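# Analysis of the macromolecular model
Here's the letter readout for the chains.
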Amino acid sequence: MNAPSTQQEQLVLLLRGCENVYTPDELAARLTASAASKRSLRVKLGLDPTAPDIHLGHTVVLRKMRQFQDMGHKAVLIIGDYTARIGDPSGVNKTRPILTSEQIDANAKTYFDQAGKILDTSEDKLEIRYNSEWLEKLSFAELIQLAAQKTVAQMIQRDSFKTRLDAGEDVFLHEMLYPIMQGYDSVCVESDVELGGTDQTFNNLVGRDLQKASGQKPQIVLVMPILAGLDGKEKMSKSKGNYIGVTDEPNDMFGKVMSIPDELMENYFTLLTDLPAGRIAIFTDPSQTHPRAAKADLGKMIVAQYHGQAAAESAAEEFDRVFKQHDVPADMPEIAVSAGPIGIVELICLARFAESRGQAKRLVKQGAVSIDAQTIASIDAEVEPADGQVLKVGKRRFGQLKVV
């Protein structure tokens, strides 16, 4: 997408989709100063590598960062290899587990590889930093000096802490240090802007306070909304199974988009595409665009971002062939299975169409499993496998049996 040419157009685009901005006037002034001095803004985003995969919920802030890059500014991606050892308490009502160094390193590499699908990774547009670079060097006295910038009353007002304290649950001192450490990241990289989801607002604003105390201009904070998951109820999360991964195959990605509730479309169009507001209004008005057609266009736009336009068109055609014409996919994975009877639960797990035996049993009980279009009703059912039989699990998982 071409960057807007005027400062006002840039401001409108950067504010698009934001939940809150601290503050819009400061952002406008910083953009004006940047243009006058020809100094690029430093736009910070911190990612704790607590899990190895990025889903579309993560891309909301990454896409906002890319907008800044396209306007000539520098993205500063902070890999929180040090803070991940503590675990961010944001948005959770219990202490997060502390990761090993090996887990952190593996997740960080995956994060960077996947973030590169959205960000401009050229050297003049992206700076990668690991916060162990400065946090490991902090002395105990320096940490106390940082902690002295915030009061206990201020810290326990954050939602997750308050919820736990009200419920009589423990909040540990190391968790209260997390916002201080994340805020110190902003001081160390001298960020002009920090991006984050609504669950990061407290941490991001601590960065403003620490920058003021350090004599720096406080960063502008752009707060992006949390993307709802496929169920339309909870935030997108791999643990909840309601996510679309950026590495999902085109057919899976398209099919998942087609499964979202109609009321999510405006949110997805706004946060996951570059369509102008006027076009989005047309797509989300049932009197102008049928919801299924709008959702199909949304699916193609999202798939095209990660797999290209040809893959998007192919995924849409395959979806129509399978779900409108009640056909089976043209290209299915082959499931190698030994001759002789096999339990349906074992077969589902063998095909890797479920993450556990418990999940496989639930799918059978829900009537979501069939062999050659014949629904399997019992978790104790056995299958006599034959070459070419089609195992279907749920709406989108198909596999063809191959006896070996």
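Bear in mind that the values here come from a model prediction, so they are computed numbers and not experimental data. (Residues numbered from 1 in each chain as written. Predicted model: local features only at pLDDT ≥ 70, side-chain atom pairs only at ≥ 80, totals over all residues. Heavy atoms only, no water.)

## Comments concerning the overall build of the chain
A count of helical and extended segments in the chain gives 17 helices and 13 strands. Within the span of the chain, comprising 404 residues, buried residues form 47% of the whole. Taking all contacts inside the chain whose residues are at least 6 apart in sequence as the whole, residues at least 24 apart take part in 70%. Carbon and sulfur atoms make up 50% of the accessible area of the chain, which amounts to about 19,700 Å² in all. Once the 46 positive and 55 negative side-chain charges of the chain are each reduced to a mean point, those two points are 2 Å apart. (Helix = DSSP H or I, 4+ residues; strand = E, 2+ residues; numbered from the N terminus. Buried < 20%, exposed > 50% of the residue type's maximum accessible area, 1.4 Å probe, protein only. Contact = heavy atoms within 4.5 Å. Areas by Shrake-Rupley, 256 points an atom, 1.4 Å probe, with all protein chains shown as cover. Lys, Arg positive; Asp, Glu negative; His and termini not counted. Charge placed at Lys NZ, Arg CZ, Asp CG, Glu CD.)

## Thoughts on the sheet that holds strand 13 (residues 397-403)
One open sheet accounts for five strands, arranged 7-13-12-9-10; its pairing is mixed. A single partner strand is all that each edge strand has here, and the edge strands are strand 7 (334-337) and strand 10 (374-375). Both strand 12 (residues 390-393) and strand 13 contribute to a ladder of four bridges, which runs antiparallel. When the sheet's bridge partners are listed, K392 is paired in strand 13 with F398. (Pairing = 2+ DSSP bridges.)

## Some remarks on the environment of E194
Looking at the secondary structure, you find E194 in strand 5 (residues 193-197). Along the sequence, E194 and R208 sit 14 residues apart, while their C-alpha atoms lie 9.3 Å from each other. The residues contacting E194, other than those within four sequence positions of it, are K44, Q182, S186, N204, Q219, I220, V221 and L222.

## Some remarks on helix 4 (residues 101-115)
Given a rise of 1.5 Å per residue, 15 residues ought to cover 21 Å, and the 21 Å separating the end C-alpha atoms of helix 4 matches this to within 8%. Burial in helix 4 covers these residues: I104, N107, A108, Y111, Q114 and A115. Summarising the axial view, the buried residues of helix 4 lie within an arc of 135°, below the 170-degree limit, and thus occupy one face. In helix 4, the exposed residues that point more than 90 degrees away from the buried face are E102, D105 and K109. Contact partners of the buried residues in helix 4: strand 2 (42-47), helix 3 (56-70), strand 3 (74-79) and strand 4 (126-130). (Expected span 1.5 Å × (residues − 1). Arc of directions from axis to C-beta.)

## Some points on the side chain of T289
Structurally, the position occupied by T289 is in the loop between helix 13 (277-283) and helix 14 (291-307). Among the polar contacts listed, one links the side chain of T289 to the backbone oxygen of I282, at a separation of 2.9 Å. The contact partners of T289, leaving out residues within four places of it in the chain, are I282, F283 and A294. (Polar contact = N/O pair within 3.5 Å; in protein donor to acceptor, adjacent residues only side chain to side chain.)

## Considerations on the packing of helix 9 (residues 173-189) against helix 10 (residues 201-213)
Relative to each other, helix 9 and helix 10 sit at 55°, their axes nearing to 7 Å. Classed by the angle they form, the pair helix 9 and helix 10 counts as oblique. For the pair helix 9 and helix 10, the crossing hand works out as right-handed. Contacts from Y178, P179, I180, Q182, G183, Y184, S186 and V187 of helix 9 reach helix 10 at F202, N203, N204, V206, G207, L210 and Q211. The class makeup of the residues in the contact of helix 9 with helix 10 is eight nonpolar, seven polar and no charged. (Axes fitted to C-alpha atoms, helices over the stretch in contact; angles between N-to-C directions. Parallel < 35°, antiparallel > 145°, perpendicular 65-115°, else oblique. Left-handed = near helix turned anticlockwise from the far one by under 90°. Nonpolar A, V, L, I, M, F, W, Y, C, P; charged D, E, K, R; others polar.)

## Considerations on the pairing of strand 5
For strand 5, a buried count of five out of five residues is recorded, marking the element as mostly surrounded by other parts of the structure. Side chains V193, L195 and G197 of strand 5 all project onto a buried face; the interleaved residues E194 and G196 project onto the opposite face, where all are buried too. Judged from the two bridges that link them, strand 2 and strand 5 form a sheet pairing that is parallel. When the sheet's bridge partners are listed, K44 is paired in strand 5 with E194. Of the strand pairs in this sheet, strand 5 and strand 6 (residues 220-224) are connected by five bridges, and their pairing is parallel. Bridge pairing in strand 6 links V193 to I220. Note on the crossover from strand 5 through helix 10 to strand 6: the handedness is right-handed. (Right-handed = clockwise from strand over helix to strand, strands pointing away.)

## Describing the packing of helix 11 (residues 250-258) against helix 14
Between helix 11 and helix 14, the least distance of the axes is 9 Å, while the angle of their chain directions is 145°. For the crossing formed where helix 11 meets helix 14, the hand is right-handed. Of the residues in helix 14, those in contact with P250, M253, F254, V257 and M258 of helix 11 are R292, K295, A296, L298, G299, K300, I302, V303, Y306 and H307. Of the residues contributing to the contact of helix 11 with helix 14, the split by class is 10 nonpolar, two polar and three charged.

## Some details on the pattern of salt bridges
Two side chains carrying opposite charge are able to pair once their charged atoms lie near each other. This structure, assessed with the given rule, holds 21 salt bridges. Among the ionic contacts, a cluster of salt bridges with common partners joins R42, E127, R129 and E133. (Salt bridge = Lys/Arg side-chain N within 4 Å of Asp/Glu carboxyl O.)

## Quick notes on the packing of aromatic side chains
On inspection of all chains with the given rule, the structure shows two aromatic pairs. Ring geometry for F269 versus F283: centroids 5.1 Å apart, planes at 20°, classification stacked. Placement of the pair is F269 in helix 12 (residues 265-272) and F283 in helix 13, with a sequence separation of 14 residues. Both residues of the pair, F269 and F283, count as buried. Lying over the aromatic face of Y243, K256 brings its terminal NZ or CZ to 4.6 Å of the ring centre. (Phe/Tyr/Trp six-rings, centres within 6.5 Å; stacked < 30°, edge-to-face > 60°. Lys NZ or Arg CZ within 6 Å of the ring centre and 35° of its normal.)

## Details of the nonpolar core
The biggest cluster of nonpolar side chains holds 65 residues, and the ones touching the most others in it are L27, L56, V193, L222 and Y268. The residues contacting L222, other than those within four sequence positions of it, are L14, C18, N20, V21, L27, K64, F68, V193, E194, L195 and G196. The next biggest cluster of nonpolar side chains, apart from the first, holds 20 residues, and it includes A351, F353, L363 and V383. (Core = buried A, V, L, I, M, F, W, Y, C linked by side-chain atoms within 4.5 Å.)

## A short note on unusual backbone geometry
Between Y22 and the following residue, T23, the backbone shows a cis peptide bond with an omega angle of -5°. Residue placement: T23 occurs in the loop between strand 1 (20-22) and helix 2 (24-37). Its identity is not glycine, yet K38 carries a phi of approximately 60°, on the positive side. A residue is classified by how much of its surface remains accessible, and K38, at 76% relative accessible area, is exposed. A positive phi angle, near 50°, is found at E190, a position not held by glycine. Mapped onto the elements of the fold, E190 is located in the loop between helix 9 and strand 5.

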